[in-house]
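Understanding the architecture of this molecule
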Amino acid sequence: MKKLIACMLLSAMVCGALASCGGKEESSEEATTQPTTEATTEAPTEAPTEAPSAVSVEDIDFEDTVVAQSGDAYLAIVDGQWWIQYWGGDDPSKDYLTYSAGVPTITGNGDYTVSVTADTNGFRFDTTGSAEDQYVPSGLQFMAVMIKDGETKFPGAVITVNSVKVDGKELTLDGKPYTSSDDGVETRANLYNQWVSKDNIPQDARSADGKLYEGEGDSVTAASFIGDYSPQAVNPDDFADGWTTVEVDFTVSGIAE
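Another aspect to go through is the packing of aromatic side chains. Within this structure, the stated rule accounts for 9 aromatic pairs. A ring pair is formed by W83 and Y96, whose centres lie 5.2 Å apart and whose planes are at 50°; its orientation type is tilted. Of the two residues, W83 is situated in the loop between strand 1 (73-78) and strand 2 (85-86) and Y96 in the loop between strand 2 and strand 3 (110-117); the sequence distance between them amounts to 13 residues. Judged by its relative accessible area of 2%, W83 falls in the buried class. Between W87 and F142, the aromatic rings sit 5.3 Å apart at their centres with planes inclined by 20°, giving stacked as the arrangement. Taken together, the positions of W87 in the loop between strand 2 and strand 3 and F142 in strand 4 (residues 142-147) put the pair 55 residues apart, joining distant regions of the chain. Aromatic ring contacts, followed pair by pair, group W83, Y96 and Y135 into a single cluster.

Tallying each qualifying case throughout the model produces 5 salt bridges. K148 serves as the salt-bridge partner of D90, at 3.3 Å between the closest nitrogen and oxygen. Taken together, the residues D90 in the loop between strand 2 and strand 3 and K148 in the loop between strand 4 and helix 4 (150-153) connect sequence positions 58 residues apart. Overall, D90 belongs to the partly exposed group, its relative accessible area being 47%. Here R206 and E151 are joined by a salt bridge, their closest N and O atoms 2.8 Å apart. With a gap of 55 residues between them, R206 in strand 8 (residues 206-207) and E151 in helix 4 connect regions that are remote in the sequence.

What counts, and at which threshold
- Residues numbered from 1 in each chain as written.
- Predicted model: local features only at pLDDT ≥ 70, side-chain atom pairs only at ≥ 80, totals over all residues.
- Heavy atoms only, no water.
- Phe/Tyr/Trp six-rings, centres within 6.5 Å; stacked < 30°, edge-to-face > 60°.
- Helix = DSSP H or I, 4+ residues; strand = E, 2+ residues; numbered from the N terminus.
- Buried < 20%, exposed > 50% of the residue type's maximum accessible area, 1.4 Å probe, protein only.
- Salt bridge = Lys/Arg side-chain N within 4 Å of Asp/Glu carboxyl O.

See the structure below:
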């Protein structure tokens, strides 16, 4: 498979077009080493000037790509240019951070960690055309802890974020992330969602302290502790100068046992 991917990449680059040849169908338990081959199509100002040789590509030790399966948690993240992203690994045109992503399977209430890293041969190859050249993401447009199919698999589950680390440095959070769902399917805890403010937290929001809204219909009122919670707990300024590895430690509670 690597030889096929390498040959196709070379052909595409010689013709002046950058093509995606590697699909990603791996689960978090059965991942295979498949580069996404999405070499520099948006963010860098200059595309690679030389195509990597077939021999050098074959010698690259590509890390496992990771695709979140039903019941897995993952870190959804988008850089400042809407180029470097991870959405669970389903889309090879976006999920540059699929290599060695930390995607745990939720097995019940307890502590878990999700993570992404740009410090991989696969990421470097996909973004620069070389496993030796490091592209460094910068900025932040969106970030959330997600549980795939969480609303149906773990109804009422609560995600409590314990810490967020960027390149090993723990960030100071401005408020607590709450748990909700945008589509009634995936469970999420927004860490930075610029499209939601503290004044319009969704009515399905819940936390370890309880639901953030009480009552139903026209009689809905905000809980007394709603001011402690925020959809923008992470400050994007902490990502402005570049980042490589992001980790989030969290606790899942509320799952019936």
